[in-house]
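Observations on chain architecture
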Amino acid sequence: MAVVGAQGKGPLGVPNVTGQPQDQATKALTGFNVVVLQQFSDQVVKGIVISQTPDHGTADRGSTVTLTVSKGPDVVVVPDVTGMSENDARAELEGLGLIVKVSRFPHGHGRVVSPDPQGGTTVIRGSSVRIFAF
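A short tour of the structure in this document, coming up. Residue positions within a chain follow its written sequence, with the count starting from 1. Local features are withheld for residues below a pLDDT of 70 in this predicted model, meaning they are given only at 70 or higher, and side-chain atom pairs are given and counted only at 80 or more; totals for whole chains, interfaces and linings count all residues. Hydrogens and waters are ignored; side-chain quantities use all the structure's heavy atoms.

Digging into the overall build of the protein chain
Convention followed: Counting from the N terminus, the helices are DSSP H or I runs at least four residues long and the strands are E runs at least two residues long. Two things to know: the radius of gyration comes from C-alpha atoms, and the globule rule equals 2.2 Å times the number of residues to the power 0.38. Burial here depends on accessible area, computed with a 1.4 Å probe over protein chains only, as a share of the maximum for the residue type. Under 20% is buried, over 50% is exposed, and the range in between is partly exposed. In what follows, residue pairs with any heavy atoms lying within 4.5 Å of each other are defined as contacts. With residues, only the protein chains shown are counted as cover, and all accessible areas are computed by Shrake-Rupley using a 1.4 Å probe.
Looking only at helices and strands, one finds two helices and ten strands in the protein chain. Counting helices and strands in the order they occur from the N terminus, the protein chain gives β-α-β-β-β-β-β-α-β-β-β-β. Over its C-alpha trace the protein chain gives a radius of gyration of 25 Å, far above what one expects of a compact globule, namely 14 Å for 134 residues. Referenced to the eigenvectors of the C-alpha coordinate spread, the extents of the protein chain come out at roughly 90 × 25 × 20 Å. Residues classed as buried in the protein chain amount to 27% of the 134 residues present. Considering only intrachain contacts with a sequence separation of at least 6, the fraction spanning at least 24 residues in the protein chain is 68%. As displayed, the protein chain offers around 8,100 Å² of accessible surface, 54% of which is attributable to carbon and sulfur atoms.

So, a nonpolar patch on the surface
Put simply, the rule reads: The patch calculation keeps residues exceeding 30% relative accessible area without a salt bridge and links them within 9 Å when they carry like charges or within 5 Å when they are nonpolar (Val, Leu, Ile, Met, Phe, Trp, Tyr). Salt bridge criterion: a side-chain nitrogen from Lys or Arg within 4 Å of a carboxyl oxygen from Asp or Glu.
A contiguous nonpolar patch, built from Phe-105, Val-113 and Phe-134 and spanning about 270 Å² of accessible area, is present on the exposed surface. By the element assignment, Val-113 lies in strand β8 (residues 112-116). According to the relative accessible area criterion, Val-113 is partly exposed, its value standing at 44%.

Digging into the environment of Val-36
Within the secondary structure, Val-36 sits in strand β2 (residues 33-39). Assessed through its relative accessible area of 31%, Val-36 is described here as partly exposed. Ignoring anything within four residues of it in the chain, the contact list for Val-36 reads Gln-22, Leu-67 and Val-69.

Observations concerning the sheet that holds β8
Filter applied, for reference: When DSSP finds two or more bridges between a pair of strands, those strands are recorded as paired. Note on geometry: axes are lines fitted to C-alpha atoms, helical ones only across the stretch in contact, with angles between N-to-C directions running from 0 to 180 degrees.
Pairing in this open sheet of three strands is mixed, and the strands run β7-β10-β8 from one edge to the other. The open sheet has two edge strands with one neighbour each: β7 (99-104) and β8. Strand after strand, the sheet turns through a mean of 25° between neighbouring axes, direction not considered. Where β7 and strand β10 (residues 128-133) come together, six bridges link them in parallel fashion. Paired with Val-100 across the bridge in β10 is Val-129. Each of β7, β8 and β10 is contacted by helix α2 (residues 86-95), which is oriented at about 160° to β7, the strand it contacts most.

A look at the pattern of salt bridges
The final tally for this structure, using the stated rule, is three salt bridges. In this structure, Glu-86 engages Arg-104 in a salt bridge whose closest nitrogen and oxygen atoms are separated by 2.6 Å. Here Arg-104 lies in strand β7 and Glu-86 lies in helix α2, a separation of 18 residues in the sequence. The class of Glu-86 is buried, set by a relative accessible area of 11%.

Spelled out as structure tokens, the structure:
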């Protein structure tokens, strides 16, 4: 016959830890098996709990509580495409998940003279980058 101590399998209250830093949230969920998933978010700061399952109520000690934690915004660094052909610059920028807008100078040779924002700038993936082709 097994003896079950005070720390048995009984139900525990599941605190709602949404909006808390991951380490604080994990500590608040002592007695549960915490699984952490990460997700990009433009609205929630990196390291903060976006959501949890279950988000309230009770659950058996040792059961799983899943936290979704913000990775912060999905950012990329704009490469320096100055001097590249318009097509090569477009391919490189679109390959990073950026939206490319082109301004062409008349009688040009299709070479990029300037991107906006400049190469080396950090932007959110999905942002627009204008290239000026001459």
